[in-house]
Structure formats: structure tokens, C-alpha cells
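Okay, here's what each chain looks like letter by letter:
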Amino acid sequence: MTLLRLEPRGEASRAMVYATPLLAVALTLASGFLLFWAMGFDPVKALHAFFIAPLMSLRGLGELAVKATPLVLCAIGLAIGFRANVWNIGAEGQLTLGAITGGGLALAFYGEGGWWLLPLMIVAGMAGGALWAAIPAFLRVRFNASEILTSLMLNYVALHLLNYLMHGPYRDPDGFAFPESRLFEADAVLPLLVAGTRVHLGSLFALLAVAAGWFLMARTFIGFQIKVIGLTPTAAGYAGFNQKKIIWLTLLLSGALAGLAGLGEVAGPIGQMNPTISPGYGYTAIIVAFLGRLHPVGILLAGFLMALSFIGGEAAQIALGLPKAITGVFQGMLLFFLLATDVLIRYRVRFGAKRAVVGRAAA
Amino acid sequence: MNRRTMGKALMGLATGAAMLALGVGAAGAQEKMKVGFVYVGPISDHGYSYQHDQGRLAVEKELGDKVTTTFVENVPEGADAERVIEQLASSGHKLIFTTSFGFMNPTLKVAQRHPDVKFEHATGYKRSANVATYSARFYEARTVIGQIAGKMTKSNIIGYIGSFPIPEVVSGINAFTIAMREVNPKAEVRVVWVNSWYDPGKEAEAAKALIDQGADVISLHTDSPAAIQVAQERGLWVFGQSSDMTRFGPKAHLTAIVDDWREYYVNRVKAALDGSWKSQDTWGGFKDHMLFLAPYNPALPADVVAAAEKTRTDIMEGKRHSFQGPVKDQSGKVVIAEGKQATDEQILKMDWYVEGVQGKVPK
């Protein structure tokens, strides 16, 4: 007695590939309209504040780039690992470590910096993130411990390490014992790329990471191995691909990129060390990676979309007094529809009960 | 895959733009002064951010014909804070209250770009021509509840849930302990740090851990009522924080330290309206109406209430100081000499425990 059912398509529908995003946006707008209307807000103004207002100024576009930068950097690395079935859930911790190591240099050389300080911090940030990711890599390769658990657990360890440092060695000696470091000096701050915005060198790194990620996956033998291992591990084994090497490589790479993201936050928009460097970028990046279909260019777009939904939520709070919880629900609907409508690429919707002809064909 | 995702995002933007461009009306001319508020927690925390929002509502009520107010809640103290404050400043808000310590440097950065906008930062120490600071002498109220705790405990173990080991919290623990030991020299204070201002889960865990260690009175310096509920379940005593939390545990809730920003906010908005606003530092206590105590639990014996009231009025009238020497640190060394009182600077930089507190200040 089913009224609606899903029927597998023989192959992915090309029309749906383009139609589903449109459908997702239409569904989001329609349900957002209803949601805002039901809550007593002007739905058109609310949707405008959410999606359009943040894009209407140079500063707004800049903020979008600033917010997307750590998401994209983390997600690019994660996606390469995910393609090889290496499930690094620890980008948050690796990001934190990158901030700790890179930012630590800015504090260690406070008052005696030079042109060399920033490059050193960048290298240290990437090394810090990679080192943190090396722990789950070692445990996986040596003891076959699930990197999902080990990398996730290390996030909390990293946060405690940061808290310890912020209440001790990293604390501003003239800061009334508050857990914040000194403001970084000019030598330790990433240069701005666009005047009048907060877009910094880190955004360029994110773009480079997108390009390099694409090149690695599409044009190199390592990228080929990653894909084969991800799709059919046994075939990869017969082909003699070294899976351990790929585990090490993908974890170190994603760790380094997450570390770079962390360094980019403290040496970029924050400009100092504090205990709340990331509002969960390492976790949100997992969503961004899948939203972008694990493809570098897709991730770039997904990063911007995610950033827009955050910034739009704030803009709606300011412009209309929309409660934070409602903007959160709306953000959730957007992601839900984007992912849910994908089912239409591989399935078609049929109304009514299964027809006999289908049954015969199946038999 | 690449084209699919790109198509999705582009179509999303295009549809959004088309649908919303129609709805963009001309914004009405804004005659009233706009006042903005930035909160670190949700206004539904029933604690710190909630009380600041009560202050905002008082401004609306008293001056609603001259001002409109805007608030943004749940703003992380990282790179996002500057964007939110900037958005308020550049969208016509002329007076902006940033109500958490971590907003200090972002507030100053934005203030520098908007010399015509006035800023008020809570609990910080950096000021400029258009950035004033304000805070409450929370420790005064801790003296009163410390005294009550000393009289009510049977196990002589008091549990204390701390947010971050910053001077505001450490001086509160010390003021509490000094008053407690004055009436009950055998009692001691055990502190658990949750490293968050608002984390109901962690706060409840901390309360349970402290109770399991024998604590029969809980005091907190975090913003959620989670610990109140735990104390109610376990049949123990607890003090509310920031706002009256009686309804979360009517049997257990002895009283609460209530922050009251209403008078201050109304006065400062009035000053901004009539042009008398100046950058200054305000640190108010009981006598400035920035603090009061929630109604005492009827279960409190009359003599305990009478003593608490005497302490409160003595502090208000300047007859009693929370840090009246001699005050000894944990090693027994006299830090504040007999006949002296702690200076404001000593309180603002406090990073050591007095005798009677277990454990060490995290460093």
C-alpha cells in the first residue's frame, strides 16, 4: 500500500545531477520561508539577510573567505584520506596543535622577530599538525588501532594541552592572569591580501591546497593508489600497493593542512593565542568534505556555502533579531536537503504500488 | 563530480538572488539610536548572558522611544567575535556592549576603525577613547555565600565548580573561602575546573564528582543551572550563579549571586544619548546595585540569614571588606597584612589560593 517508493535507476541521472542542487535550494527556501513565517518574522527579509546581505559588500565577501579558509584547508586533507578509507576525525586537534607550535614561535621570539619568523611559524604549524596526526597513523599501522577513535580522542588531549599552555607559559605576563597571550607582533602576523577586509595569506594557501589536492588525486600515481585502495582494498593488495605508506601519507598530509589552518587562525584574524581558537572547524570540515563530494573543487564551494550559512545566521540575528536556535535549524535544513536530494540521482520516485511489469522485469 | 557540485552551488546562489532580489525593500530611515549587545552564551542560559539580556530589556523598556536594541548570542571568543562586532558597528549601532572577556581585543580592533561608535567591554582591562570597561565586584557576594556555606556544611567539604582559572573566578573562590573559614575553620573548598562558561553536561559531571568526594554544599562560577538540578536530586545545598536559579532546584537552592546590569546599561545609554558618555572603568558591587542576592531558601535558619544580611549590609556600607588582612596563602604566608585590605590591583591579578582551598591554581 505504499504511495511513494524509490526505484533504482539503471545509471546515475545526468539531468538530476544538475537538478538536485536546484531542488535542494528550492526546498530550503520554501521550508525556510514557512519556518520564519511561522515564527513571526518577515520571511523574505530573513532569507535576504541570510543569503544576500553577507555577499553585498567587500567586507562581507572577505569575511566569507576568512571563515571558509580553515574549513577548506582541513577538508581538503580529510577528503584525500577519506578516499583511501583513512578516517581522520582529528582535524580539530591537529588544527589546535598547529596553532600551538606555530603560535608558540611567535611568543618565543617576541621582540626579536624578523622576516624569517613567519615562514618558520608556517613550517612549525604544519609540522605540529602532522606530528599530532602521526600518532593515530603509527597506532593504525603498528597495532591496527582504529584511527577514528584515536584521532578523535586526541582532539580532547590537544584542547587540554592548549588550556594548560594558555594558563601557563603562553599567558600574557601583563594580562591580569587572563588566559590570553600577548598580541603577535607584525613579523608574526600573516599579511592581508585585500585592503579593507581580513582576508589573509592563509586564504591563498587554501586555494593552493585545492589546486594541489586536485593535482595529487587526478594526475599522480599516488592519487591513483589512494583511489584504488579506497574502492577495492583487495585489488590494491594484489597490485602491490603499499597500504601502510598511504595511511602514513594521508594522515600526515591532512594533519599538516589542519595545522596550517590553525596557524592561519592565530597568525591571521585572531592575532594572538587564546583558549578558543576554533569553534569546531575540524569537525565542520568533515561535513564540508562530504558536501563537496570529497573533490577539491567541490570542497572549495562547500566551504563557501558553509561559511555563508554561518555568517548569514549572524546577519539574520543582527538584522531581524532571529534567535540563534532558529538560524541553527535553518542551517541544518540546508545541509539536510542538499544531501537528501542526492538520492534522486540514483533513484526515481514512483507513485502507487509496485506495478506488475516491474516485477516481471525483475524476475 | 566536480561539475555537479559547482553547478549546485552556482544554481543555489542564482536562485537565492532571483527570489530575494524582489523582496529587497528600501530600509526605513532609522531615527532611533541603535544599541548592540554581544553575548558569549545563549540568552537561554539562565545565567550570565541571560542577565545581560535582562539589562538590554531594561534599556528597551525605559528608553524604547529613543533607542532600538540588537543582540547576537552564542558568539565564540575566537576569530568570529571581530566580525560580529564589526557588523554591528557598520550597520549603524552607536553604542555596543561586548559582554565577555574574550571579546576584549576584537572590541578594540573594531573600535579603532569606528571612532564615532562607543563601545563598552565587560570584565576586561584595556580601554581607549571610545572603549569603556565595566564589571561587577562578584567577590563581594561570594563573601556572603561563603559564610552561609560555612554554617550549613556538615561534611566540611564544599564543592566549587570553576569555569576558567582567571582572577575573577580565583578571587571569588578566595573571598568565599575566607568568609567560610571565619565561621567554620574546619571546612575546606575543593575546586573542579570545567574550562567553559556554559557546558551543562560538564557542569553536572563536576557537581557529581564533587558530591562523590563528600561535598554537601556546591558553589559554582559557571553559567548553567545543571549543578542546581544535580544538588536537588541528591538532596544537598547549592548556590545559584548570575541569576536566581531557584526554580531549577527549589529545595537545594540556598540563594544566588545575581548580576544586575539594568541600572548600568540604562545609565550608559542615557549618557550616550545626551552626549555625556566618556570612556571609563566601572567596577561596581552591592552598593552600586550591580549585584544582589536571590531570596534566601526558607529552609535556612533565621540566625544564618541574619548573619548573611549583616555581612551584606556591612560590605555595602564599607564596614567590611572581602579581603581584610591578615590573609594567608596556601603555604601559610601572610599575603595581605593585618589591618590592610587587598588593593583592587591585587584582586584583579589574583592567581593564588588562600588557606582552606584544596589543590593548586592551574598554571
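Residues numbered from 1 in each chain as written. Chains lettered and ligands numbered in written order. Predicted model: local features only at pLDDT ≥ 70, side-chain atom pairs only at ≥ 80, totals over all residues.

## Observations regarding the overall build of chain A
Item 1. Within chain A, the secondary structure is distributed over 15 helices and two strands.
Item 2. Radius of gyration (C-alpha) of chain A: 23 Å, near the 21 Å computed for a compact globule of 363 residues.
Item 3. In terms of principal-axis extent, the alpha carbons of chain A reach across some 80 × 60 × 30 Å.
Item 4. Here chain A, with 363 residues, has 52% of them falling under the buried criterion.
Item 5. Taking as baseline every contact in chain A between residues at least 6 positions apart, the subset at least 24 positions apart corresponds to 78%. (Helix = DSSP H or I, 4+ residues; strand = E, 2+ residues; numbered from the N terminus. Rg over C-alpha atoms; globule rule 2.2 N^0.38 Å. Buried ≥ 20, exposed ≤ 12 C-beta atoms within 10 Å, placed from the backbone. Contact = placed C-beta atoms within 7 Å.)

## Some words on the interface of chain B and chain A
Interface extent is often summarised as the accessible area lost during association of the parts.
Item 1. The partner chain A presents 45 residues to the 47 residues of chain B that form the contact.
Item 2. Breaking the side of chain B that touches chain A down by element, the ones donating at least two residues are helix 1 (2-21), strand 2 (67-72) and helix 3 (79-90) of chain B.
Item 3. If you tally residues by element for the side of chain B that touches chain A, the top one is helix 1 of chain B, at 14 residues.
Item 4. Class assignment of the residues belonging to the side of chain B that touches chain A gives a composition of 22 nonpolar, 15 polar and ten charged. (Nonpolar A, V, L, I, M, F, W, Y, C, P; charged D, E, K, R; others polar.)

## Section: the domain arrangement of chain B
Residue and element names in this part refer to chain B.
Item 1. By domain assignment, chain B separates into domain 1 (33-136) and domain 2 (139-258 + 292-348).
Item 2. Computed from C-alpha coordinates alone, the two centres of domain 1 and domain 2 are separated by 28 Å.
Item 3. With ten residues of domain 1 at the contact, the number on the domain 2 side is ten residues.
Item 4. Of the residues belonging to the side of domain 1 that touches domain 2, the class tally is three nonpolar, six polar and one charged. (Domains from an automatic or database assignment.)

## Describing the sheet that holds strand 12 (residues 291-293) of chain B
Residue and element names in this part refer to chain B.
Item 1. Read from one edge of the open sheet, six strands run 7-6-8-9-10-12, paired in mixed fashion. Each of the sheet's edge strands pairs with one partner strand only, and the pair in question is strand 7 (188-193) and strand 12. Adjacent strand axes in the sheet meet at a mean angle of 15° when their direction is disregarded. (Pairing = 2+ DSSP bridges. Axes fitted to C-alpha atoms, helices over the stretch in contact; angles between N-to-C directions.)

## Details of the packing of helix 7 (residues 200-212) of chain B against helix 8 (residues 226-234) of chain B
Residue and element names in this part refer to chain B.
Item 1. Viewed as axis vectors pointing N to C, helix 7 and helix 8 meet at an angle of 40°, and their least axial separation amounts to 8 Å. When the interaxial angle is binned, helix 7 and helix 8 end up oblique. Our pair here, helix 7 against helix 8, has a crossing hand that is right-handed. Of helix 8, the residues touching helix 7 (which contributes Pro-200, Glu-203, Ala-204, Ala-207, Lys-208 and Ile-211) are Ala-226, Ala-227, Val-230, Ala-231 and Arg-234.
Item 2. Residue composition of the contact of helix 7 with helix 8, by class: eight nonpolar, no polar and three charged. (Parallel < 35°, antiparallel > 145°, perpendicular 65-115°, else oblique. Left-handed = near helix turned anticlockwise from the far one by under 90°.)

## Brief notes about the sheet that holds strand 5 (residues 131-136) of chain B
All names here are of chain B.
Item 1. In space, the six strands of this open sheet follow the order 2-1-3-4-5-11, with parallel pairing throughout. One side of each edge strand has no neighbouring strand; the edge strands of this open sheet are strand 2 and strand 11 (281-284). Pairwise comparison of adjacent strand axes, ignoring direction, gives a mean angle of 15° for this sheet.
Item 2. Note that strand 1 (residues 33-38) and strand 2 share six bridges and pair parallel. Within strand 2, the residue paired with Met-33 across the bridge is Val-67.

## Notes on helix 11 (residues 281-291) of chain A
Residues and elements named next belong to chain A.
Item 1. Of all the residues in helix 11, the buried ones are Tyr-281, Gly-282, Thr-284, Ala-285, Val-288, Ala-289 and Leu-291. The arc that holds the buried residues of helix 11, viewed along the axis, is 160°, so those residues lie on one side.
Item 2. Arg-293 sits one or two residues past helix 11 and shows a positive phi near 60°. (Arc of directions from axis to C-beta.)

## A short note on the nonpolar core
Item 1. Counting residues in each nonpolar core, the largest one holds 215 residues, and the members touching the most others are Leu73(A), Cys74(A), Ala75(A), Ile218(B) and Ala227(B).
Item 2. Per element, the largest residue contribution to this core is 15 residues, and it comes from helix 10 (residues 243-270) of chain A.
Item 3. Mapped onto the domain boundaries, this core takes at least three residues apiece from domain 1 (33-136) and domain 2 (139-258 + 292-348) of chain B.
Item 4. In this structure, Ile218(B) is in contact with Gly159(B), Ile161(B), Ala207(B), Leu210(B), Ala227(B), Ala231(B), Leu236(B) and Val238(B), ignoring residues within four places of it in sequence. (Core = buried A, V, L, I, M, F, W, Y, C linked by C-beta atoms within 7 Å.)

## Section: the confidence of the model for chain B
Item 1. Predicted confidence across chain B gives a mean pLDDT of 90, with 92% of residues reaching 70 or more.
Item 2. Low pLDDT, under 50, characterises residues 1-30 of chain B; the stretch is placed with 44 contacts to residues that sit more than four places away or in other chains. (pLDDT = per-residue confidence, 0-100.)

## Notes on the environment of Tyr170(A)
All names here are of chain A.
Item 1. One can find Tyr-170 in the loop between helix 6 (147-166) and helix 7 (201-219).
Item 2. Taking the C-alpha atoms as reference points, Tyr-170 and Ala-285, separated by 115 residues in sequence, lie 27 Å from one another.
Item 3. Setting aside residues up to four positions removed in sequence, Tyr-170 forms contacts with Leu-107, Leu-165, Ser-181 and Met-273.

## A few points about unusual backbone geometry
Residue and element names in this part refer to chain B.
Item 1. Here the residue pair Gly-325 and Pro-326 is connected by a cis peptide bond, since its omega of 0° sits within 30 degrees of zero.
Item 2. In this fold, Pro-326 is placed in the loop between helix 10 (302-316) and strand 13 (327-328).
Item 3. One non-glycine residue, Asn-156, adopts positive backbone phi at about 60°.
Item 4. Overall, the presence of 16 C-beta atoms within 10 Å leaves Asn-156 in the partly exposed class.
Item 5. For Ser-242, which is not glycine, the phi torsion reads 75° and is therefore positive.
Item 6. Its location among the elements puts Ser-242 in strand 9 (residues 237-242).
Item 7. Overall, the presence of 26 C-beta atoms within 10 Å leaves Ser-242 in the buried class.

## Here's the deal with the pairing of strand 9 of chain B
Residue and element names in this part refer to chain B.
Item 1. Taking burial as the measure, the six residues of strand 9 include six buried ones, the bulk of the element.
Item 2. Bridge count between strand 8 (residues 217-220) and strand 9: two bridges; the pairing is parallel. Looking at the pairing, Val-217 lines up with Trp-237 of strand 9.
Item 3. Each parallel crossover has a hand, and the one from strand 8 via helix 8 to strand 9 is right-handed.
Item 4. Summarising the sheet, strand 9 and strand 10 (residues 253-259) pair through four bridges and their orientation is parallel. Residue pairing in the sheet places Gln-241 in a bridge with Ile-257 of strand 10. (Right-handed = clockwise from strand over helix to strand, strands pointing away.)

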